[in-house]
Amino acid sequence: MENLSRRDWFKSSLGLASGLVVTTSFVNQLMAGPASEAERAFFASRKMGQKKVRLNSNENPYGPSEKAKKAVTAILTEGNRYAFNELDDLKKTIAAKEGVDPSYVMLGAGSGELLVQTGIAFGLEGGRVLSGYPTFTLLMNYAQQMSAQWDKVDLNEKLEYNYDALLSAIQSDTKLVFFCNPNNPTGTFVDTAAVKSFCEEASKKTLVYADEAYLEFMEPSQQKSMVALTQSTPNIIVSKTFSKIYGLAGLRIGYIIAHPDTLKKVAKFGDTISPSQTALAAAKASLGDEDFMKMTREKNAVARKVLTDYLAQRKMYCGDPKTNVLFFQAPKSGQEILTQLDEKGFLIRIWDYQQKEWCRVSIGTQDEMKQFVKAFDEVVA
Ligand SMILES: Cc1ncc(COP(=O)(O)O)c(C=O)c1O
């Protein structure tokens, strides 16, 4: 891809000036751009309109919580005010929850905004960024759009991040290594001890970005964050979002935790009073809402089983997904799957990986998954 100056790049919509034939709304929809030739072709010809079951964005079908809805309604009268105080207040609440000083917390309009800013900050001066693949690509896309080279390490045969291989792939000019645990698109999770020791070793060599967007889908006893490591090195950034378990994707709020010096570098490329009053209020009301998280986790597990049982029966391998998304090899042409599922009212994603096409399916409600399995079976029969 052609490298662009920062100014030119900001003027263009993401991807347009770099030769990707995509529309801005399409990019917005997918956040990180098309993941396959099949998606490019599908979106170029797709007719919009009919309401679909959205199994393509890893959203929470049960959110926002009642507490969040109430908080949003109540804050509307403050909509004429910049949210300086509320920003500070939420930072403090998050800091207390995460066990860090508020100066270690940076909020954004979704963690996507912070991934973009980090990609820009660490991609501007060239060198390399490194990640497992497939993964959530937003940060690397932006780093690459600046002038960094993106090195990728394949997942292992269980569709899990291979942390040993990732560590070995760090080079002297690797500016940042990104990982996502549990991973998107696979929903797979790697044991905390292995990830922690990877972080400790890798952060001696380069900046490590730990994306924990889906961590709360794990049982509480398994939700071991890498946040504590930010206390001993400026070389770790941990990101979290309110878009997934908390069900606030449309309200746009997320955060990163890192040493204040590291946050300063990221903050150069963003807006200091993002996110909005409504998002801040919803996030504050949602934080620590254990009942809502538990309900989502339980319903999601039941709905996921509908799909994993079907895939097992059809001998389509998807590893051991733990979150609200899973990934398996497409049993026929990706473009045909996208088009025929669309006609039946379902949206999923198709990824290109290792010269094959793969289906990425988000977990909806139990009813949606039952209907999806039936439709998918007809499509691939
Ligand atoms: C792994 C991962 N990180 C970050 C994001 C960005 O989410 P948001 O910007 O809504 O916080 C997503 C969205 O799907 C994701 O899957």
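Rules and cut-offs
Residues numbered from 1 in each chain as written. Predicted model: local features only at pLDDT ≥ 70, side-chain atom pairs only at ≥ 80, totals over all residues. Heavy atoms only, no water. Pairing = 2+ DSSP bridges. Helix = DSSP H or I, 4+ residues; strand = E, 2+ residues; numbered from the N terminus. Axes fitted to C-alpha atoms, helices over the stretch in contact; angles between N-to-C directions. Contact = heavy atoms within 4.5 Å. Polar contact = N/O pair within 3.5 Å; in protein donor to acceptor, adjacent residues only side chain to side chain.

Give me the lowdown on the sheet that holds strand β5 (residues 174-180), citing residues and values where you can.
Within the open sheet, the seven strands sit side by side as β2-β8-β7-β6-β5-β3-β4. Their pairing is mixed. Of all the strands in the sheet, the pair left with one neighbour each is β2 (105-108) and β4 (149-154). Direction aside, the axes of adjacent strands within the sheet are offset by 20° on average. Here strand β6 (residues 207-211) pairs with strand β7 (residues 236-241) via four bridges, running parallel. In the sheet register, Y209 faces β7, and the bridge partner there is I237. Along the sheet, helix α5 (residues 84-98) makes contact with β2, β7 and β8 (254-257), crossing β2 at roughly 125°.

Give a description of the environment of R54 that names residues and reports values.
Mapped onto the secondary structure, R54 falls in strand β1 (residues 53-54). Taking the C-alpha atoms as reference, R54 lies 25 Å from E290; in sequence the two are 236 residues apart. Once you skip the residues sitting within four places of it in the chain, R54 turns out to touch E59 and L347. Separated by 2.4 Å, the side chains of R54 and E59 make a polar contact.

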